[in-house]
Amino acid sequence: MIPVTRSSMPAFQEYCEEIKPMWESRWLSNRGMIHREFEEHLKSYMGVPQVALFANGHVAMEVAIQASGIQGEVITTPFTHISTSHAIVRNGLTPVFCDINEADLTIDENKIEAMITDRTSAIIATHVYGYLCHVEAIQKIADQHGLTVIYDAAHAFGETLHGIGVGNYGDASMFSTHATKVFHTIEGGIVSFRDKERFHAIDNITNFGFTGNDTIGYIGTNARMNEFEAAMGICNLRHMNDEIAKRKRAADRYTERLTGVKGIKLLQPQPGVAYNYAYYPVIFDGFHRNREEVLSLLAEQDIIARRYFYPSVDSAECYQNAYPADKTPISHYIADRVLTLPLYADLTVEEVDVICNVLLS
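The following refers to the structure shown.

**So, the packing of helix α9 (residues 291-300) against helix α11 (residues 349-360)**
Two numbers describe a pair of packed helices, the interaxial angle and the distance between the axes.
Argument step 1. Relative orientation of the contacting elements α9 and α11 amounts to 130 degrees, with a least axis distance of 10 Å. Considering the angle they form, α9 stands oblique to α11. Every pair of crossing elements has a handedness; the one defined by α9 and α11 is right-handed. Two secondary-structure elements touch here, α9 through V294, L297 and L298 and α11 through I355, V358 and L359.
Argument step 2. Class assignment for the residues of the contact of α9 with α11 results in 6 nonpolar, no polar and no charged.

This is how it looks when you write it as structure tokens:
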């Protein structure tokens, strides 16, 4: 079987050496020595001034929103994982869905301003498949209207725009470090932010709201990354650049084989972006098979692709038809046609050829 993704892992002995100190210290959670070391490594690698670590990416986004103090309505994208909108709603905020652009499937910044009301407090946008939102245009709109900007950067770890780490854009960025991601800590999340004063409560909220041994200043949660996860992060970070290079070889082979095929649309590189090759999306638009047929035919050959993102989150059952599909037609159109093909560091060029042969047969 060729899975849609496969976790990168350090050498077994390397990880054992990293976790060995825990057998002496017995410090397994609550921001131990490994946790703090990992934070410093991350700030250096990502080129960001501040990071906070979390048990998973979803709770990282929830806490980032809570710590930012935003209220009312949030303009966001319907083409994302449902986690993004759930984090908004679970903070008592109202998502307002703005459609995406066709070029890179990120939020269409040209449609944002028309959706701003006196209740709008923030823009929460997603970097899709590692393709970055148009951050400068979004920031200009936010500055003009006094809005907070938070990015769901779950797909964008390690990327840069014109040499600047992607975690520096907006007021905060959330990165998922789930096992399926380019960079993982088994399970986990990271929030990067610039303004330490504004996000001063982020660590307290992560730890049940405690501000001292006997003082609880916030309605918090338990969102702490443990030491075993931090140790995995330290190990994987050492090999990050090599892993990206391996993924690039596979992605380049896909592009070589699928470029110019009638009915298959590939996303084009964005100027100035150094990619991590997190995903390889293919949009079937006028292909001789529809997306569901392609998915089934690949599965018959033990090749697992994924409908991702699907459905467009504004049509999720939990929203009880509150958002008409005609308001976000591009998101719905793409969600019905996109597949992410298998992509991971250990995927060989020969395996990419097998996948492409099935697609093109």
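On we go from here.
**Re the environment of I264**
Argument step 1. With respect to the helices, strands and loops of the structure, I264 is situated in strand β10 (residues 264-265).
Argument step 2. Separated by 25 residues in the primary sequence, I264 and H239 have C-alpha atoms spaced 33 Å apart.
Argument step 3. Beyond its immediate chain neighbours, meaning those up to four positions away, I264 contacts L258, V282, I283, F284 and F287.

**Looking at the nonpolar core**
Argument step 1. Of all hydrophobic cores here, the largest spans 64 residues; its most connected members are L42, F79, L105, Y129 and F157.
Argument step 2. Here this core gets 6 residues from one element, more than from any other, and that element is helix α7 (residues 227-238).
Argument step 3. Once residues lying within four places of it in the same chain are set aside, the contact partners of L105 are F79, I100, V128, Y129, L267, I283 and I334.
Argument step 4. Ranked by size, the runner-up nonpolar core spans 27 residues in total, among them A52, M61, I202 and I205.

**Considering the pattern of salt bridges**
When the charged atoms of two side chains lie near each other, side chains of opposite charge can form a pair.
Argument step 1. Using the criterion set out here, one finds 17 salt bridges in the structure.
Argument step 2. The residue D203 makes a salt bridge to R31 at a minimum N-O spacing of 3.7 Å. On the criterion of sequence distance, the pair formed by D203 in helix α6 (residues 202-206) and R31 in the loop between α1 (12-25) and α2 (33-46) is long-range, its members being 172 residues apart.
Argument step 3. Residue E73 is joined to R119 by a salt bridge in which the shortest nitrogen-to-oxygen separation is 3.3 Å. Of this pair, E73 sits in strand β2 (residues 73-76) while R119 sits in the loop between β3 (94-97) and β4 (120-126), placing them 46 residues apart in sequence.
Argument step 4. Judged by its relative accessible area of 44%, R119 falls in the partly exposed class.

Reading guide: rules and limits
Throughout this document, residue positions are counted from 1 along each chain, in the order its sequence is written. For this predicted model, a pLDDT threshold of at least 70 governs which residues receive local features, and a threshold of 80 or more governs which side-chain atom pairs are given and counted, while totals over whole chains, interfaces and linings are taken from all residues. Based on all heavy atoms of the structure, the side-chain values leave hydrogens and waters out of the count. Inter-axis angles, ranging from 0 to 180 degrees, are taken between N-to-C directions of lines fitted to C-alpha atoms, where helices are fitted over the stretch in contact. Per the convention used, a helix needs a DSSP run of H or I reaching at least four residues, while a strand needs a run of E reaching at least two, with both numbered from the N terminus. Orientation labels follow simple angle bins: below 35 degrees gives roughly parallel, above 145 gives roughly antiparallel, 65 to 115 gives roughly perpendicular, and whatever is left gives oblique. Crossings are assigned a handedness: left-handed for a near helix turned anticlockwise from the far helix by less than a right angle, right-handed for a clockwise turn. By definition, residues are in contact when any of their heavy atoms lie within 4.5 Å. Three categories are distinguished: nonpolar for Ala, Val, Leu, Ile, Met, Phe, Trp, Tyr, Cys and Pro, charged for Asp, Glu, Lys and Arg, and polar for the others, with Gly belonging to the last. Nonpolar cores were defined as sets of buried Ala, Val, Leu, Ile, Met, Phe, Trp, Tyr and Cys residues, with membership established by side-chain atoms within 4.5 Å. Accessibility here uses a 1.4 Å probe with only protein chains present; expressed as a share of the type maximum, an area under 20% marks a residue as buried, one over 50% as exposed, and anything in between as partly exposed. Salt bridge, as used here, is a side-chain nitrogen of Lys or Arg placed within 4 Å of a carboxyl oxygen of Asp or Glu.

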